[in-house]
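Below, each chain spelled out in residue letters.
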Amino acid sequence: SPTFLKLQYPSLYLHHRLIFPTEELTACELETTMELLKQPHHCFLVFLFGLVLLFPAALSWKDAVTHVHQFVIQEASVKRLCKTQHVMTVNGMYPGPTLEIKNGDTLSVKVINKGKYNITIHWHGVRQMRTGWADGPEFVTQCPIRPGGSYTYRFTVRGQEGTLWWHAHSTWLRATVYGALLIQPREGTNFPFAKPNRQSTLLLGEWWNANPVDVVREATRTGAAPNISDAYTINGQPGDLYNCSSSPTDTVVVPISSGETNLLRVVNSAMNQPLFFTIANHKFTVVGADASYVKPFTTSVLMLGPGQTTDVLISGDQTPGRYYMAARAYQSAQNAPFDNTTTTAILEYSKSSSAAKPIMPRLPAFNDTPTVTAFSTSFRSREKALVPAQVDENLFFTVGLGLNSCPPNFNKTQQCQGPNGTRFTASMNNVSFSLPSNFSLLQAHKQGIRGVFTTDFPAAPPRVFDYTGNVSRSLFQPATGTKLYRLKYGSRVQVVLQGTSIVTPENHPIHLHGYDFYIIAEGFGNFNPKTDSSKFNLVDPPLRNTAAVPVGGWAVIRFVADNPGVWLMHCHLDVHITWGLAMAFLVEDGVGKLEAIEPPPEDLPICS
């Protein structure tokens, strides 16, 4: 690694810096380099070292291909729980199509909007190096694809293997517009574990006996919390524990044979609910998360926040039969209503009777935070992590809910149905994020359009308080704004994500677009830099794109700002982003073309 070279072989490090310039050479480095290049053998070494490093890379990407797809956004009739809903879909499929590529491949997906709503598609977890125009969040990196319009998302996936997913990033359309993105090992390489006999993908979702867009619109009108879902689903099916859901087609069946070791790719695609997942009589060996490999560990239950993915191996080591795979809510917010149902699929051994009753697993209690903590703190990167040891930006973000007083011109009975005649809101550092409606943030940034956003998002909350204690009601109402935080290219960033108990403490899955980050620590209560810094794991912390901030607690993440553009950070509970639990980083261009975002595509949707 560059760090190893710098410490052990300084002259080789300078050769590496010449071949792979990620930032300007320092004056000292430049002076030393000029002296080295006066010596013929060093000139040759630069050339030779470049060949050594670049030749294997060239070989590894030589078989990379471009996968071309077409997504037609269209309404389709979908019947669940004996009720038919007209929902938005991709190509008439619910869930949408699974895309499968290899590390190093390029995706080109033309989205044609034949639906009745504006829409965008987000490629959740894809780094989008220099291709921020393809990231997808509405009014952040693009304006929406209007009905009748189209847009082609084109990007390359490099350095990521495992499971990601894609979903709509406009209003609540992702309730039905989503699908898996599977990234197989690069051509000529293998998994860092024995090749599984087969692979299966399980998308955990939520279903409403209503139009999800109407659900969020009603909540926005009333100021109250939205209606909870009517069912959870696995690959779009609720399973046979629900009323009017006993047909064999209502339950997904996953095959396995005795003696096999299979890879399960589990995605929490639900709108608003962290979920437990388990299989009767079977254990999981966790091998990956968010398209990064992890040190394998064994568990009997998974917990995924919305947006997170987990790759696990299961062995066909039980008596041949049928075993329920089940998911139910992890609900950390006290006294908040939630969907307390259980969705199921069936793990079915070959040669077992399809008439046999499946064995039901034991699931944790809905509020079993100790099980969640034991699971989340088990993740470690498979190799030594390249986590920044020092930081240039030390940020502290509070994340939590709030309550707005009823505006004077509102009907208190009809439009202020939150607690005590208020309206629900949410914020980071006391700023409730408001999206623009005439320009995207990235467009405004690159075109120098004034008045769309400001770059004064606070590096710390405006007031220090007992974040997880009994908070004064004077702190319940945040300011509203479209505030970004500016980062220099290459800066090393640490963010403390501090949950609050305003309204209620809750587990918040915080997702950062355009980046993976290392989760170097987590804990409960208020983060204390004097005592909690000793808990930082700078050796093998997990690399994720979505961090589940513990209920009534905190998490600390680090990353290097090496991807220029405008990148949204938000809670992946869609009800919370609707209320404003978000912010965005503006990462400046670096030096030269390779450290700058690419020009916008010609078919980028026009804002109007």
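The protein goes by laccase in an unreviewed UniProt entry, where it is assigned to Linum tenue. What UniProt records for the protein under Subcellular location (unreviewed entry) is the sentence "Secreted, Extracellular space, Apoplast".

**Regarding the overall build of the protein**
On a plain count of helices and strands, the protein comes out with 10 helices and 32 strands. Scored against the burial criterion, the 608 residues of the protein give a buried share of 58%. Counting only contacts in the protein whose residues sit at least 6 apart along the sequence, the fraction spanning at least 24 positions is 78%. Accessible surface, the protein as shown: approximately 25,200 Å² in total, 53% of it carbon and sulfur.

**Examining the state of the cysteines**
Taken as a whole, this structure holds three disulfides when the rule is applied. In this model Cys 82 forms its disulfide with Cys 244; the gap between the sulfur atoms is 1.1 Å. Here Cys 82 is found in the loop between β1 (66-80) and β2 (83-90), whereas its partner Cys 244 is found in the loop between β10 (231-234) and β11 (253-256), with 162 residues between them in sequence. Judged by its relative accessible area of 37%, Cys 244 is partly exposed. There is a disulfide in this structure between Cys 406 and Cys 416, and the S-S distance comes to 2.0 Å. Disulfide Cys 406-Cys 416: the torsion about the S-S bond is 75°, which places it as right-handed. Taken together, the positions of Cys 406 in the loop between β20 (393-405) and α7 (412-415) and Cys 416 in the loop between α7 and β21 (422-428) put the pair 10 residues apart, joining distant regions of the chain. Should the bonded cysteines of the protein be numbered as they appear in the sequence, the pairing reads 1-3, 2-6, 4-5.

**Quick look at the sheet that holds strand β12 (residues 261-268)**
What the six strands build is an open sheet, ordered β10-β9-β12-β17-β14-β15; its pairing is mixed. Single-partner strands in this sheet number two, and they are β10 and β15 (292-299). Strand-to-strand twist in this sheet, taken as the mean axis angle between neighbours without regard to direction, amounts to 25°. Alignment of strand β14 (residues 284-289) against strand β17 (residues 309-315), held across four bridges, turns out to be antiparallel. Its bridge partner lying in β17, Thr 285 is registered against Leu 313.

**What to know about the pattern of salt bridges**
One pass over the structure, following the stated rule, counts 17 salt bridges. The partner of Arg 322 in a salt bridge is Glu 348, with the nearest N and O atoms 2.8 Å apart. Within this pair, whereas Arg 322 is found in strand β18 (residues 322-329), its partner Glu 348 is found in strand β19 (residues 342-349), the two being separated by 26 residues in sequence. Both residues of the pair, Arg 322 and Glu 348, belong to the buried class. The salt bridge involving Asp 456 is made with Lys 483; its shortest N-O contact spans 3.1 Å. With a gap of 27 residues between them, Asp 456 in the loop between α8 (441-447) and β23 (479-481) and Lys 483 in the loop between β23 and β24 (484-487) connect regions that are remote in the sequence. The exposure class of Asp 456 is partly exposed, given its relative accessible area of 43%. By relative accessible area, which is 22% here, Lys 483 ends up partly exposed. Via salt bridges that share partners, Lys 295, Arg 380 and Asp 540 belong to a single interconnected network.

**Quick notes on helix α6 (residues 369-376)**
Among the residues making up α6, those that are buried are Thr 369, Val 372 and Phe 375. All buried residues of α6 project into a common sector of 125° when viewed along the axis, lining one side. Contacts from the buried residues of α6 go to β13 (275-279), β14, β15, β16 (302-304) and β27 (517-524).

**Some remarks on the packing of aromatic side chains**
Under the counting rule described, the total for this entry stands at 29 aromatic pairs. Each ring, one from Phe 375 and one from Phe 379, has its centre 5.1 Å from the other, and the planes form 85°; the classification is edge-to-face. Across the pair, Phe 379 and Phe 375 agree in class, each one buried. The cationic tip of Arg 544 hangs over the ring face of Phe 379; the distance from NZ or CZ to the ring centre is 5.0 Å.

**Topic: the environment of Glu 588**
Mapped onto the secondary structure, Glu 588 falls in the segment after β32 (582-587). Overall, the relative accessible area of 24% leaves Glu 588 in the partly exposed class. The residues contacting Glu 588, other than those within four sequence positions of it, are Arg 486, Leu 487, Lys 488, Tyr 489 and Pro 564. A distance of 3.3 Å separates a polar atom in the side chain of Glu 588 from a polar atom in the side chain of Arg 486.

**Some points on unusual backbone geometry**
The residue after Tyr 94, namely Pro 95, is reached through a cis peptide bond having omega -10°. Tracing the sequence through the fold places Pro 95 in the loop between β2 and β3 (99-102). The phi angle at Cys 82 is positive, at roughly 65°, despite the residue not being glycine. Since its relative accessible area comes to 47%, Cys 82 is described here as partly exposed. Of note in the backbone geometry, Asn 429 takes a positive phi value of approximately 50° without being a glycine. Mapped onto the elements, Asn 429 comes out in the loop between β21 and β22 (431-433).

**Looking at helix α5 (residues 212-222)**
Each α-helix turn comprises 3.6 residues. Residues three or four places apart therefore point the same way. The set of residues buried in α5 consists of Pro 212, Val 213, Val 215, Val 216, Ala 219 and Thr 222. On the buried face of α5, the contacting elements are α7, β21 and α10 (574-579). Regarding α5, its N-cap is Asn 211, as a side-chain oxygen of that residue lies 3.0 Å from the backbone nitrogen of Val 213 further along. The first or second residue beyond α5 is Gly 223, which carries a positive phi of 80°.

Rules and cut-offs
- Residues numbered from 1 in each chain as written.
- Predicted model: local features only at pLDDT ≥ 70, side-chain atom pairs only at ≥ 80, totals over all residues.
- Heavy atoms only, no water.
- UniProt positions renumbered as here; feature names shortened; annotations may be inferred.
- Helix = DSSP H or I, 4+ residues; strand = E, 2+ residues; numbered from the N terminus.
- Buried < 20%, exposed > 50% of the residue type's maximum accessible area, 1.4 Å probe, protein only.
- Contact = heavy atoms within 4.5 Å.
- Areas by Shrake-Rupley, 256 points an atom, 1.4 Å probe, with all protein chains shown as cover.
- Disulfide = S-S within 2.5 Å.
- Pairing = 2+ DSSP bridges.
- Axes fitted to C-alpha atoms, helices over the stretch in contact; angles between N-to-C directions.
- Salt bridge = Lys/Arg side-chain N within 4 Å of Asp/Glu carboxyl O.
- Arc of directions from axis to C-beta.
- Phe/Tyr/Trp six-rings, centres within 6.5 Å; stacked < 30°, edge-to-face > 60°.
- Lys NZ or Arg CZ within 6 Å of the ring centre and 35° of its normal.
- Polar contact = N/O pair within 3.5 Å; in protein donor to acceptor, adjacent residues only side chain to side chain.

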